[in-house]
Amino acid sequence: MLGTRILVAYDGAELSAKALDIALQQLRENPQISVDVVFVEEVAPLRTGVEVVDEDIQCQRDAIFNQLRDKVATVEMVKLHRLRGQNVSYVLLRFAEEHNCNLIVLGSRGLTGIREFLGSVSHAVVQHSLVPVLIIK
């Protein structure tokens, strides 16, 4: 068993879907665990402090979240969380700490498609996490 309270970072990318599948497999094998799936919407406030989100981007985010909700709708012990923040890795790490998660599962790269071994979010999570991190490649 990988952990008893697993945080899965989900952004709609193929690797985040694989991360979710791995966590759901752990849940099927060990029904005493729980899975928190965290979808973080990155925001960049203007200097005035007001957030501006492009309507097309918001529609894409809504579609990704709705697809995620449909995927886990019938799975018990899975909680979905839709959060917002300026720094995705910070939001994930804070969530893990506040909810006593003992494993973080995330893809090595997200939707940006940058061809590095680790994307900026996964790199920051690995560097700063107080709990084990499983990177899906």
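Our subject in this report is the structure included herewith. (Residues numbered from 1 in each chain as written. Predicted model: local features only at pLDDT ≥ 70, side-chain atom pairs only at ≥ 80, totals over all residues. Heavy atoms only, no water.)

### A word on the pattern of salt bridges
Part 1: Under the defined criterion, the tally for this structure stands at seven salt bridges.
Part 2: The salt bridge partner of E41 is R82, with a shortest N-O separation of 2.4 Å. Of this pair, E41 sits in strand β2 (residues 34-42) while R82 is found in strand β3 (residues 78-85), placing the two residues 41 residues apart along the sequence.
Part 3: Classification of E41 by relative accessible area gives buried; the value is 3%.
Part 4: With a closest N to O distance of 2.9 Å, E41 and R84 form a salt bridge. Highlighted residues: E41 in strand β2 and R84 in strand β3, separated in sequence by 43 residues.
Part 5: Judged by relative accessible area, which is 40%, R84 ranks as partly exposed.
Part 6: Among the ionic contacts, a cluster of salt bridges with common partners joins E41, R61, D62, R82 and R84. (Salt bridge = Lys/Arg side-chain N within 4 Å of Asp/Glu carboxyl O. Helix = DSSP H or I, 4+ residues; strand = E, 2+ residues; numbered from the N terminus. Buried < 20%, exposed > 50% of the residue type's maximum accessible area, 1.4 Å probe, protein only.)

### Let's talk about helix α1 (residues 14-29)
Residues spaced three or four apart along an α-helix point in a common direction, a consequence of the helix completing one turn every 3.6 residues.
Part 1: In this model α1 runs 23 Å from its N-terminal to its C-terminal C-alpha over 16 residues, within 8% of the 22 Å that 1.5 Å per residue would give.
Part 2: Regarding α1, the residues found buried are L15, S16, A17, A19, L20, A23, L24, Q26 and L27.
Part 3: The secondary structure elements touched by the buried residues of α1 are β1 (5-9), β2, α2 (55-72), β3, β4 (103-107) and β5 (133-136). (Expected span 1.5 Å × (residues − 1). Contact = heavy atoms within 4.5 Å.)

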